[in-house]
Amino acid sequence: MKTKLVSLLASLLLLLGTASAQDGGVVVVESDSPYYAGASFGFVSASGFSSLTLAGHFGLRDLLLEDLDLRLDATVLTRGGNSFSLGALALYNLDLSSLPVDIYFGGGPELFFGSNTAFGIGLRGGADYAISQRATAFGEFRVDPVFGNANTTLFGLGAGIKFSF
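A quick note: this is a predicted structure, and the numbers were derived from the prediction, not measured.

*Asks:* What exactly am I supposed to notice about the confidence of the model for the chain here?
*Replies:* Any segment with low pLDDT has predicted coordinates that should not be analysed in fine detail. Summing up the model confidence of the chain, the mean pLDDT is 84 and the portion of residues at 70 or higher is 79%. This stretch, residues 1-24, has a pLDDT under 50; its non-local contacts, to residues over four places away or in other chains, come to 26 contacts.

*Asks:* Just checking my understanding: could you explain the packing of aromatic side chains for this structure?
*Replies:* Centre distance and the angle of the planes are the two values used to describe a pair of aromatic rings. Scanning the model with the defined rule gives six aromatic pairs in all. Through pairs of rings, three or more aromatic residues link up here, namely Tyr-35, Phe-58 and Phe-165. Above the face of the Tyr-104 ring, Lys-162 is positioned so that its terminal group lies 5.9 Å from the ring centre. The ring of Phe-138 carries Lys-162 above its face, with NZ or CZ at 5.7 Å from the centroid.

*Asks:* Help me understand unusual backbone geometry, please; the structure alone is not making it clear to me.
*Replies:* A negative phi holds for most residues other than glycine; trans holds for most peptide bonds. Although it is not a glycine, Asp-62 sits at a positive phi angle of roughly 50°. According to the relative accessible area criterion, Asp-62 is partly exposed, its value standing at 42%. In the Ramachandran plot, Asp-67 falls in the positive-phi region, its phi being about 70° despite a non-glycine side chain. One can find Asp-67 in the loop between strand E2 (49-60) and strand E3 (68-77).

How each quantity is defined
Residues numbered from 1 in each chain as written. Predicted model: local features only at pLDDT ≥ 70, side-chain atom pairs only at ≥ 80, totals over all residues. Heavy atoms only, no water. pLDDT = per-residue confidence, 0-100. Contact = heavy atoms within 4.5 Å. Phe/Tyr/Trp six-rings, centres within 6.5 Å; stacked < 30°, edge-to-face > 60°. Lys NZ or Arg CZ within 6 Å of the ring centre and 35° of its normal. Buried < 20%, exposed > 50% of the residue type's maximum accessible area, 1.4 Å probe, protein only. Helix = DSSP H or I, 4+ residues; strand = E, 2+ residues; numbered from the N terminus.

Pasting the structure below:
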């Protein structure tokens, strides 16, 4: 488990370091489009269970309010057979212009499918780092209370990239 965490964090730091070395400064994502799509990898863990995750994301920026995004997630858990989840998250972006990253947090409902179907609440917190005019790298922490037959809480970390279009 510790090896997975160290590998994930090292990959994220390498990605962020490479991005800043190429440009020499902070890049601001300037897209007229409110849409973005991306992918991420990571891991989740609960008592007696851990799994790598692969996820696809589709988002709408400033959906109802400025700095409030809606992100739809489809996540596959690589352990546990055909386990996956679908979620709809409202993410609020903090305006901290003094930092080279954008901080966000939020949550929303999730459905978990596998040997049983369960309802959960996906809670996320993370940081975005612009690596080009349309691409953003991100890292996030997740907490997923799951109700029903599973009745557990998943904790995890993830890193990914998203593109505005």
